[in-house]
Amino acid sequence: STSTRAGSHLALAAALVAVGSLLGSQASAQEFSFEGLSQHTTLEEARKRYPTSTITDRHVYLSTSDAHDHISTIELPTEGRGRRLKIFFERTGADGPQYPWCEEVLAPLRLRYGDPTGTERSYEGTSAARRMTWQRGKEVLSLACFSTDVRPLRAESLTITDAP
């Protein structure tokens, strides 16, 4: 009957829309981000998101009122190949530079992207450094952590770059 055929066509159209939405969300899920920042973050978006922060060229120096998630500075990506978004966690405190614990930054990354696909460690005297990386599609996310004594590691920076 005509109503059955119309119902079938509507069901087919709804299924195609659902598949298209799923494929679109999987494509965007392939891209890395940290607290809403990605390689696609623009200068205009940064100005809107951080209205009281200082922006020079491609660097956003977060004001106290705009600061979130331990982020102190954002280096926005350039256009074209070799793009890189870099997020810095160093804040200046009364006792000098302050950094969040590495685990505070690492935990949400593990929840969202799983365990790192690579880890590099280096040691010199009582100093230690660890770089954890995730690769997905055409991007690499890297978290750099360090310690200058025997305490747990501190998060220094996070980068999202084009894969080599």
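Q: Help me understand the layout of surface pockets in this model?
A: To find the voids left in a structure, one rolls a probe of water-molecule size over its atoms. Of the pockets and cavities examined, the largest pocket occupies roughly 200 Å³. Forming the walls of the largest pocket are Pro97, Gln98, Tyr99, Trp101, Phe146, Ser147, Thr148, Asp149, Arg151, Pro152 and Arg154. Residue assignment for the lining of the largest pocket shows that the elements contributing at least two residues are β6 (96-98) and β9 (139-147). Residues belonging to the lining of the largest pocket are distributed by class as follows: 5 nonpolar, 3 polar and 3 charged. In this structure, the second largest pocket occupies an estimated 150 Å³ of space.

Q: Can you walk me through the pairing of β9 in this structure?
A: Every regular strand shows the same layout, with side chains that alternate between the two sheet faces. Burial runs high along β9: 8 of the 9 residues are buried. Two strands pair when backbone bridges link them, and strand β8 (residues 127-136) and β9 are joined in this way by 9 bridges, in the antiparallel orientation. Directly across from Ala129, in β9, lies its bridge partner Phe146. Between β8 and β9, which pair antiparallel one after the other, the connecting turn spans 2 residues, and Gly137 there sits at a positive phi close to 60°. The sheet contact formed by β9 and strand β10 (residues 154-162) spans 8 bridges and is antiparallel. Bridge pairing links Phe146 to Arg154 in β10.

Q: Teacher, can you tell me more about the nonpolar core here?
A: Side chains of nonpolar character tend, in soluble globular proteins, to be buried together. By size, the foremost hydrophobic cluster in this structure holds 28 residues, and its most contacted members are Ile74, Phe89, Leu109, Trp134, Leu143 and Leu158. Take this core: its biggest share by element is 5 residues, from helix α3 (residues 102-113). If we skip the residues at most four places from it in the chain, Trp134 touches Phe32, Leu106, Leu109, Tyr113, Gly114, Asp115, Pro116, Thr117, Glu139, Val140, Leu141 and Leu143.

Q: What am I meant to see in unusual backbone geometry here?
A: Peptide bonds are trans in most cases, and residues, glycine excluded, mostly fall at negative phi. Phi is positive for Asp69, which is not a glycine, with a value near 50°. In this fold, Asp69 is placed in the loop between β2 (59-61) and β3 (73-75). Backbone geometry places His70, a non-glycine residue, at a positive phi of 70°. Exposure remark for His70: the relative accessible area of 35% places this residue in the partly exposed category.

Criteria and cut-off values
- Residues numbered from 1 in each chain as written.
- Predicted model: local features only at pLDDT ≥ 70, side-chain atom pairs only at ≥ 80, totals over all residues.
- Heavy atoms only, no water.
- 1 Å grid on protein atoms, 1.4 Å probe; cavity = no way out; pocket = protein on both sides within 12 Å on 5 of 7 lines; lining within 4 Å.
- Points joined across faces, edges and corners; volume = space filled by probe spheres on them.
- Helix = DSSP H or I, 4+ residues; strand = E, 2+ residues; numbered from the N terminus.
- Nonpolar A, V, L, I, M, F, W, Y, C, P; charged D, E, K, R; others polar.
- Buried < 20%, exposed > 50% of the residue type's maximum accessible area, 1.4 Å probe, protein only.
- Pairing = 2+ DSSP bridges.
- Core = buried A, V, L, I, M, F, W, Y, C linked by side-chain atoms within 4.5 Å.
- Contact = heavy atoms within 4.5 Å.

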